[in-house]
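Observations on the model geometry
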Amino acid sequence: MTATKAPTEPPAQRTVRRPGDRIFAGAARGSGIFILLVLAGVAAFLISEAIPALTAASSEIPDGKGLGPYIGPLVLGTLLGAVIALLVATPLAVGIALFITYYAPRRIAATMGYVIDLLAAIPSVVYGFWGLAVLAPKLVPFHAWAADHLGFLPFFAGPASASGRTMLTVGIVLGVMILPIISAISREVFSQAPALHREAALALGATRWEMIKMAVLPYGKSGVIAGSMLGLGRALGETMAVAIILSGGAGATVNLISNSNPSTIASNIALRFPEATGIGVNTLIASGLALFLITLAVNMLARWIVNRRADFSGAN
Amino acid sequence: MSTQTPLAPVGATSLGNSGPVREQRRLPRFAPLGLFLAGVAVGALLSALTGFSVALTVIYGVVLGSLFVYLVSRAVEGRRKAADRLVTSLVTTAFAIAMVPLVSLVYTVLDNGLPRLDGAFFTNSMYRVVGEGGGAYHAILGTVIITALATIISVPIGLLTAIYLTEYGTGRLKKAITFFVDVMTGIPSIVAGLFSYALFTLIFGVSVRMGVMGAVALSVLMIPVVVRSCEEVLKLVPNELREAAYALGVPKWRTVVKVVLRTAIAGLGTGITLSVARVIGETAPLLITVGLITGTNLNPFDGRMATLPVFAYYQLTQPGTATQAFLDRAWTAALVLIILVMALNVVARLITRFFAPKTGR
């Protein structure tokens, strides 16, 4: 980078400022600033459209109980689904990342990575179709089993759903959807683990697993955490798969296997927005604002962790 | 490459045979696989006891298989090697598990989607169709138009920002843009739709629906992807090329346009194609900004349009009287959507292969 600046540095001669240069540099800089404005605009327009709902009397909000009781169960539903997704996806993604970086034969490892990335290319509405038509019916026996044997936990209180369109199914589908995100970032950090550390571990007689435990995992820990948080952000905002699969709309409950589930913010918007009018629209936008703030916080935290790692790791 | 050689069984056994080192007992090469399969077989038997089911077979099989490998290896090779083998079977299983939904999904979509993948699907719209027949002609065109509009909006902004970040950017503005572009990649698609809706509501009044609203919403999702991928590519252009251009007295902007962009053109094409693939399947923002109609509307500035993902969604969730016809169309739309995305991915790879700058001379 420094080398490119060199031509402008000699002080003896004044640099020529060509109009073409000025316009081009201005356009490039302007685009960058425009992106910042768009992000600010997203927040500003959502707030401006949410204000009528924020100031409305609680009886005007759909369901007639006020904004807090309206959004509360939705936030709970959103978090429940995303947390299940994270619990399903993180261990699998770390396993996949390790498999591709250190276990798979090197010739086919790249292809395997590409295959996993295909999971990310499939549109979310198709995941919804699949979850509804294939996964939900397949999980019905497990729902029944969980209600019988794990019923003492509030999560599996039952009664078990006969259709499988539950928060548990949604969580698993979301887990599949965020799997490629977490595994891609984990793969990247695992493959960057310093070769000297790895070779030193092997030279001391470590098995492959011990080498990974000593040299790769400590190095890649923050990357896995950051990848999980990015996956969490995606799972929180996922709309269509949830809207199609979940039979939601019930009040706040942590029961994962019954037919009455809290909806999620995003799916609730998708389901109700086309028919919403008046203050209903503003209420939905207010719930969207809440979702935006939650995902913004999660993503900023994740990016901060990623960047901090880049600054202090010995790799660069 | 070199890090792996000490692990190869050949090296270790020859060491054990030739040297005075304490003899290392190792399992034969295919023993772990055999043990694992034996475990799976026992798992299948177990699940057959309680009425055979594939899911139970897999669960029992993986647990028993891993356990067999671990116990035998522990008895023969010792604790540390056994732990290594256990982890090997676990990570391999993790990869195999991830393949299950992919294969199942592709199979299901093909199975349900192929029956209606006929000429009528691509040439008919849903205008005045209430039962069988009809197609997604209008929806496919709508998706193409809206995605093209989104691309026209996103690519100049995204590419110029990437140029700013690699060629011009310094200090806090560059840091801020990099950070917020990353944050922007995480905006939920439905929030992008709400933003576009709020923006156009302020301008045109309530309950406005236009194709261009969807394009704006998709742009919010697409711009950060374009920036990130273009930035990565531009960073790869060697500095020597820029310096050579400066040395010849070429102005900076011409250097960027004629040298940097031209060198990176293959990578840029790939990145932009992939970002199109990323947004072409988006449903939620189009659902709330563009809506759906049964006829063909090709003007993105006038009223509702049909798009493929939204078409698929409504065919599935709001079937009319002839339910099966609606479901068939829904699955075929999903299949076409997947084919579109995969085709874009393939095109992206081909661009890299055929338009990459010639190295060597």
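If you're wondering where the values come from, they're calculated on a predicted model, not measured in any experiment.

1. Let's talk about the overall build of chain B
Within chain B one finds 15 helices and zero strands. The globule rule puts the C-alpha radius of gyration for 361 residues at 21 Å, and the 28 Å found for chain B is more than 25% above it. Taking the principal axes of its C-alpha atoms as reference, chain B extends roughly 85 × 75 × 40 Å. Expressed as a percentage of the 361 residues in chain B, the buried residues total 47%. Relative to all contacts within chain B whose residues are 6 or more apart in sequence, the contacts with residues 24 or more apart total 70%.

2. A look at the overall build of chain A
When its secondary structure is counted, chain A shows eleven helices and zero strands. Listing each helix as α and each strand as β along chain A from the N terminus yields α-α-α-α-α-α-α-α-α-α-α. Taken along the three principal axes of its C-alpha coordinates, chain A extends 75 × 60 × 30 Å. Going through the 316 residues of chain A one by one, you find that 52% of them count as buried.

3. With respect to the UniProt feature "domain: ABC transmembrane type-1" (unreviewed entry) in chain A
With numbering aligned to this structure, UniProt lists the feature "domain: ABC transmembrane type-1" (unreviewed entry) at residues 75–302 of chain A. The straight-line gap between the two end C-alpha atoms of residues 75–302 of chain A is 20 Å; of that span, 76% is helix and 0% is strand.

4. Observations regarding the interface of chain B and chain A
Contact residues are listed per partner, giving 78 residues for chain B and 75 residues for chain A. It is helix α4 (residues 79–113) of chain B that contributes the most residues to the side of chain B that touches chain A, 19 residues altogether. Here the side of chain B that touches chain A is composed, by residue class, of 56 nonpolar, 15 polar and seven charged.

5. Digging into the environment of S183(A)
All names here are of chain A. Position of S183 among the secondary structure elements: in helix α6 (residues 167–191). Under the C-beta neighbour-count criterion, S183 is labelled buried, with 33 such atoms within 10 Å. It is 9.6 Å that separates the C-alpha atoms of S183 and I100, two residues lying 83 residues apart in sequence. With residues up to four places along the chain from it excluded, the contact list for S183 reads A93, I96, A97 and I116.

6. Topic: unusual backbone geometry
You will see that R128(B), though not glycine, has its phi angle at about 60°, which is positive. Secondary-structure assignment places R128(B) in the loop between α5 (119–123) and α6 (137–168).

7. Some points on the environment of V83(A)
Here V83(A) lies in helix α3 (residues 67–103). The spacing of V83(A) and Y219(A) is 136 residues in sequence and 25 Å in space, taken between C-alpha atoms.

8. With respect to the confidence of the model for chain B
Residue and element names in this part refer to chain B. Looking at chain B, the pLDDT average stands at 86 and 91% of residues meet or exceed 70. Model confidence for chain B, summarised as mean pLDDT per element, is weakest for helix α1 (residues 9–18) at 45 and strongest for α6 at 94. Long-range and interchain partners of residues 1–20, a stretch whose pLDDT sits below 50, account for 17 contacts in this model, where long-range means more than four residues apart. Taken over the whole predicted complex, pTM reads 0.87, whereas the ipTM for its chain interfaces reads 0.86.

9. Overview of the UniProt feature "transmembrane region" (unreviewed entry) in chain A
Residue and element names in this part refer to chain A. In this numbering, the UniProt entry assigns the feature "transmembrane region" (unreviewed entry) to residues 32–54, 74–102, 114–136, 156–182, 239–258 and 278–302. Secondary structure over residues 114–136 splits into 91% helix and 0% strand, and the C-alpha atoms at its two ends are 27 Å apart. Annotated as residues 278–302, this span is 96% helix and 0% strand, and its ends, taken at the C-alpha atoms, are 37 Å apart.

10. Comments concerning the UniProt feature "domain: ABC transmembrane type-1" (unreviewed entry) in chain B
Under the present numbering, the feature "domain: ABC transmembrane type-1" (unreviewed entry) in UniProt falls on residues 140–348 of chain B. Helix makes up 78% of residues 140–348 of chain B and strand 0%, with an end-to-end C-alpha separation of 21 Å.

11. Some points on the packing of α3(A) against helix α8 (residues 208–237) of chain A
Residues and elements named next belong to chain A. Relative to each other, α3 and α8 sit at 145°, their axes nearing to 9 Å. As α3 runs across α8, the sense of the crossing is right-handed. Of α8, the residues touching α3 (which contributes T78, G81, A82, A85, L86, A89, T90, V94, L98 and Y102) are R208, I212, V224, S228, G231, L232, A235 and L236. Looking at the contact of α3 with α8 residue by residue, the class counts come to twelve nonpolar, five polar and one charged.

12. Considerations on the packing of α3(A) against α4(B)
Direction vectors running N to C along α3(A) and α4(B) enclose 110°, while the axes themselves pass 8 Å from each other. Between α3(A) and α4(B), the interaxial angle falls into the category roughly perpendicular. The handedness of the crossing between α3(A) and α4(B) comes out as left-handed. Here α3(A) contributes L92(A), G95(A), I96(A), L98(A), F99(A) and Y103(A) to the contact with α4(B), which in turn contributes T88(B), L90(B), V91(B), T92(B), A94(B), F95(B), I97(B) and A98(B).

13. Here we look at the UniProt feature "transmembrane region" (unreviewed entry) in chain B
Residues and elements named next belong to chain B. Per the UniProt record, "transmembrane region" (unreviewed entry) is annotated on residues 30–48, 54–73, 85–110, 136–165, 177–200, 206–227, 259–280 and 330–351. Helix and strand shares over residues 54–73 are 100% and 0% respectively, and the end C-alpha atoms of the span are 28 Å apart. As a span, residues 206–227 carries 77% helix and 0% strand, and end to end its C-alpha atoms are 33 Å apart.

14. With respect to α6(B)
Residue and element names in this part refer to chain B. Over its 32 residues, α6 extends 45 Å from the first C-alpha to the last, a length consistent with the 46 Å expected when each residue adds 1.5 Å. At S154, α6 shows its largest bend, some 30°, and a proline, P156, comes one to four positions later. The element α6 is largely enclosed, with a buried count of 23 among its 32 residues.

15. As for helix α8 (residues 189–204) of chain B
All names here are of chain B. A rise of 1.5 Å per residue sets the reference length of α8, with its 16 residues, at 22 Å; its end C-alpha atoms lie 22 Å apart and thus fit the reference within 8%. Of all 16 residues that make up α8, twelve are buried, and the element is covered over most of its length. Regarding α8, the residues found buried are S189, I190, V191, A192, G193, L194, F195, S196, Y197, A198, L199 and F200.

16. Quick look at the nonpolar core
Core analysis: the biggest nonpolar cluster contains 200 residues, and A270(A), F195(B) and A334(B) have the highest contact counts within it. Top contributing element to this core by residue count: α3(A), with 20 residues. Residue-level mapping places this core at the junction of two domains, with at least three residues from each of domain 1 (22–115) and domain 2 (122–355) of chain B. With near-sequence residues (within four places) excluded, A334(B) lies in contact with V126(A), F129(A), V109(B), G113(B) and A312(B).

17. So, the confidence of the model for chain A
Residue and element names in this part refer to chain A. Overall, the prediction assigns chain A a mean pLDDT of 86, with 92% of residues at 70 or greater. Across residues 1–6, confidence stays below pLDDT 50; counting only partners more than four residues off in sequence or on other chains, it has four contacts. Residue range residues 312–316 is modelled with pLDDT below 50. Its contacts to residues more than four positions away, or to other chains, number three contacts.

What counts as what
- Residues numbered from 1 in each chain as written.
- Chains lettered and ligands numbered in written order.
- Predicted model: local features only at pLDDT ≥ 70, side-chain atom pairs only at ≥ 80, totals over all residues.
- Helix = DSSP H or I, 4+ residues; strand = E, 2+ residues; numbered from the N terminus.
- Rg over C-alpha atoms; globule rule 2.2 N^0.38 Å.
- Buried ≥ 20, exposed ≤ 12 C-beta atoms within 10 Å, placed from the backbone.
- Contact = placed C-beta atoms within 7 Å.
- UniProt positions renumbered as here; feature names shortened; annotations may be inferred.
- Nonpolar A, V, L, I, M, F, W, Y, C, P; charged D, E, K, R; others polar.
- pLDDT = per-residue confidence, 0-100.
- Axes fitted to C-alpha atoms, helices over the stretch in contact; angles between N-to-C directions.
- Left-handed = near helix turned anticlockwise from the far one by under 90°.
- Parallel < 35°, antiparallel > 145°, perpendicular 65-115°, else oblique.
- Expected span 1.5 Å × (residues − 1).
- Bend = angle between axes of the 7 residues up to and from the residue.
- Core = buried A, V, L, I, M, F, W, Y, C linked by C-beta atoms within 7 Å.
- Domains from an automatic or database assignment.

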